[in-house]
Amino acid sequence: MAQEHTGSCNCGAVRFRTRGTLREVIACHCSQCRKQTGLYYAATNVLDSELNLEGAENITWYRSSPQARRGFCKTCGSALFWKMDGLDYSSIMAGAFDTPTGLAFGVHIFCADKGDFYEINDDLPQFAQSNA
Ligand SMILES: [Zn+2]
Ligand SMILES: [Zn+2]
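Residues numbered from 1 in each chain as written. Chains lettered and ligands numbered in written order. Predicted model: local features only at pLDDT ≥ 70, side-chain atom pairs only at ≥ 80, totals over all residues. Heavy atoms only, no water.

Side note on the coordination of the zinc ion (ligand 2)
Put simply, a metal with four donors set out as a tetrahedron has ideal angles of 109.5 degrees, and one with six donors set out as an octahedron has ideal angles of 90 or 180 degrees.
Line of reasoning, step 1. Protein ligation of the zinc ion (ligand 2) involves Cys 28 (SG), Cys 30 (SG) and Cys 33 (SG), the donor distances falling in the range 2.1 to 2.2 Å.
Line of reasoning, step 2. Positions of the donor residues of the zinc ion (ligand 2) along the chain correspond to the pattern C-x1-C-x2-C. (Donors = N, O, S within 2.8 Å, 3.2 Å for Na, K, Ca; no water.)

Details of the nonpolar core
Line of reasoning, step 1. If you look at the biggest cluster of nonpolar residues, it comprises 23 residues, and the most contacted ones within it are Val 14, Phe 16, Cys 28, Tyr 41, Leu 80, Phe 81 and Ile 92.
Line of reasoning, step 2. Of all elements in the fold, only strand 3 (25-28), strand 4 (41-47), strand 8 (79-84), strand 9 (89-93) and strand 10 (105-109) reach the threshold of two or more residues within this core.
Line of reasoning, step 3. For Val 14, the residues in contact, after removing those within four places along its chain, are Gly 7, Ser 8, Cys 9, Leu 53, Glu 54, Gly 55, Asn 58, Ile 59, Cys 73, Leu 80 and Phe 81. (Core = buried A, V, L, I, M, F, W, Y, C linked by side-chain atoms within 4.5 Å. Buried < 20%, exposed > 50% of the residue type's maximum accessible area, 1.4 Å probe, protein only. Helix = DSSP H or I, 4+ residues; strand = E, 2+ residues; numbered from the N terminus. Contact = heavy atoms within 4.5 Å.)

Describing the sheet that holds strand 6 (residues 59-65)
Line of reasoning, step 1. Pairing in this open sheet of seven strands is mixed, and the strands run 6-7-8-9-4-3-10 from one edge to the other. Whereas interior strands pair on both sides, the edge strands pair on one side only; in this sheet they are strand 6 and strand 10. Recorded for the sheet is a direction-independent mean angle of 30° between the axes of neighbouring strands.
Line of reasoning, step 2. Sheet topology note: the strand 3/strand 10 ladder contains four bridges and is parallel. Its bridge partner being in strand 10, Ile 26 is matched across the sheet by Val 107. (Pairing = 2+ DSSP bridges. Axes fitted to C-alpha atoms, helices over the stretch in contact; angles between N-to-C directions.)

Considerations on the packing of aromatic side chains
Line of reasoning, step 1. Taken as a whole, this structure holds six aromatic pairs when the rule is applied.
Line of reasoning, step 2. For the pair Tyr 40 and Tyr 118, a centre-to-centre distance of 6.0 Å together with 35° between the ring planes defines the contact as tilted. Of this pair, Tyr 40 sits in the loop between helix 1 (31-37) and strand 4 while Tyr 118 sits in the segment after strand 10, and the two are 78 residues apart along the sequence.
Line of reasoning, step 3. Residue Tyr 40 is classed as partly exposed on the basis of its relative accessible area, which comes to 25%.
Line of reasoning, step 4. Note on Tyr 118: relative accessible area 12%, which makes it buried. (Phe/Tyr/Trp six-rings, centres within 6.5 Å; stacked < 30°, edge-to-face > 60°.)

Here we look at the coordination of the zinc ion (ligand 1)
Line of reasoning, step 1. Only Cys 9 (SG), Cys 11 (SG), Cys 73 (SG) and Cys 76 (SG) from the protein reach the zinc ion (ligand 1) as donors, at distances of 2.3 to 2.4 Å.
Line of reasoning, step 2. Seen from the zinc ion (ligand 1), its four donor atoms lie at angles of 106 to 113°, and the figure they make is tetrahedral.
Line of reasoning, step 3. Counting gaps between the donor residues of the zinc ion (ligand 1) yields the pattern C-x1-C-x61-C-x2-C. Residue Cys 11 is located in the loop between strand 1 (4-8) and strand 2 (15-19), and its partner Cys 76 is located in the loop between strand 7 (68-73) and strand 8; the two are separated by 65 residues in the primary sequence. (Tetrahedral: all angles 85-135°; square planar, octahedral: opposite > 155°, others 65-115°.)

Observations regarding the sheet that holds strand 1
Line of reasoning, step 1. Taking strand neighbours across the sheet as the criterion, the three strands line up as 1-2-5 in an open arrangement whose pairing is antiparallel. On the outer flanks of this sheet lie strand 1 and strand 5 (51-54), each paired with one strand and no other. Each adjacent strand pair in this sheet contributes to an overall mean axis angle of 15°, direction not counted.

Description of the environment of Ser 65
Line of reasoning, step 1. Mapped onto the elements, Ser 65 comes out in strand 6.
Line of reasoning, step 2. Along the backbone, Ser 65 and Met 84 are 19 residues apart, and their C-alpha atoms lie at a distance of 9.3 Å.
Line of reasoning, step 3. Of the polar contacts made by the side chain of Ser 65, one reaches the backbone nitrogen of Ala 68; its length is 3.2 Å. (Polar contact = N/O pair within 3.5 Å; in protein donor to acceptor, adjacent residues only side chain to side chain.)

Have a look at this one:
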C-alpha cells in the first residue's frame, strides 16, 4: 500500500508530499546540524522520484560541505532538507511532516560532536561518526 505523507515549513511557503516508505529517523549530532537547528538534526529519507515540492522557489540552498547542501525556507528559516550531491534521494526533517508521521528514531550518528548540554538517553545505536 502506498504511504502518502505531507509536510511544510513553519510559514507554509514550502510544502511537500511524499509517496513510498520513509526511512527510520536518523538523529545527526554533528556540529553543522547542531548549529543549524540549535540541537540535532532528525531526518528521514525519501526518493526524489517520490517527493513532490510546492514552493521550491522559496527554498534557500546552503552549500554546507563540498558534497552536500542544506535547504531551508527563505521566509521562516525552517530547516527542511539535506541533499548529498549525486544521490537520488533527499533527507527531510522529521519534524516538518504533518502528524501522524508513523516515523520512529533508528540511530544516532556523529555523537562525538554532540552538544555538551544534553545526554542521549535511549537504547538506540550510537555512532561516533557516520553509520555508513
Ligand atoms: Zn516557511
Ligand atoms: Zn549532521
